[in-house]
Amino acid sequence: MKPSSSLSRLLEITVISGENLQENRKQPVKNNAFVNIKTDNSSCNVQTTQMDKEGGSFPAWNEKLIVDLPMHARHLTVEVQCKNSSGIKTVGIARVPTSDFLDGFLPENYLHFLSYRLRDEKGEKNGIINFSVRVKNAPPQTAGCAAAYSRQWMAAPVAMGSKNGSCGVVTGIPVYPGSY
């Protein structure tokens, strides 16, 4: 999947595992748990893992999903569900602020390992979800000062207009007010 425009970026999310998941307050999840990842409650951009058919209340997916994150998105919604004889039930939801993996001075492609408390429909604690996030194409403004600083020194040398056709490099000494 490619980003739809320059107004989005790709996230590589690896859904790792869940811990202590329960279908209701006293019954642990038996099997068939899966995860949906959405951006800002968008129903059109949902990525889903396969079902873990053996993990019970401690499922393991280790599945990589590619999510197209709009630039305006303020959070990801990570929703754990399970399929049982009565249908599909939401086990818990975590809303992950995008600032948890986009802000700061970390380099592009930095791998964030995150764990969040899940909450059920009543807002009660219901397990933990573990996953990693890697921003695949961070826009220049989130790349950080160090990246911008290093990019300025990788520019091509400026042609000096010498008669033999060679290029030179312009150097200078900064002049500060009051220092001359």
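The model shown is predicted, which means the values in this text are computed figures rather than measured ones.

Rules used in this analysis
Residues numbered from 1 in each chain as written. Predicted model: local features only at pLDDT ≥ 70, side-chain atom pairs only at ≥ 80, totals over all residues. Heavy atoms only, no water. Phe/Tyr/Trp six-rings, centres within 6.5 Å; stacked < 30°, edge-to-face > 60°. Helix = DSSP H or I, 4+ residues; strand = E, 2+ residues; numbered from the N terminus. Buried < 20%, exposed > 50% of the residue type's maximum accessible area, 1.4 Å probe, protein only. pLDDT = per-residue confidence, 0-100. Contact = heavy atoms within 4.5 Å. Pairing = 2+ DSSP bridges.

1. Comments concerning the packing of aromatic side chains
Then, number 1: By the definition in use, this model includes one aromatic pair.
Then, number 2: A ring pair is formed by tyrosine 116 and phenylalanine 131, whose centres lie 5.9 Å apart and whose planes are at 20 degrees; its orientation type is stacked. With a gap of 15 residues between them, tyrosine 116 in strand β7 (residues 111–119) and phenylalanine 131 in strand β8 (residues 125–135) connect regions that are remote in the sequence. The residues tyrosine 116 and phenylalanine 131 share a single accessibility class, namely buried.

2. A word on the confidence of the model for the chain
Caution applies to low-pLDDT parts of the model: their predicted coordinates are not meant to be read in detail.
Then, number 1: Residue-level pLDDT values for the chain average 77, and 69% of them are 70 or greater.
Then, number 2: Contacts of residues 1–5 to residues separated by more than four positions or lying in other chains number 11 contacts, the stretch itself having pLDDT below 50.
Then, number 3: Across residues 138–162, confidence stays below pLDDT 50; counting only partners more than four residues off in sequence or on other chains, it has 21 contacts.

3. Quick word on the pairing of strand β5 (residues 75–84)
Then, number 1: Most of β5 is tucked away: eight of the 10 residues are buried.
Then, number 2: Taken together, the seven bridges between strand β2 (residues 33–39) and β5 define a ladder with antiparallel strand orientation. Residue pairing across strands places phenylalanine 34 opposite glutamine 81, the latter belonging to β5.
Then, number 3: Relative to strand β6 (residues 87–97), β5 runs antiparallel, the two being bridged by 10 bridges. Each bridged residue has a counterpart across the sheet, and for lysine 83 the counterpart in β6 is isoleucine 88.
Then, number 4: Hairpin connection between β5 and β6: a loop of two residues separates the two successive antiparallel strands.

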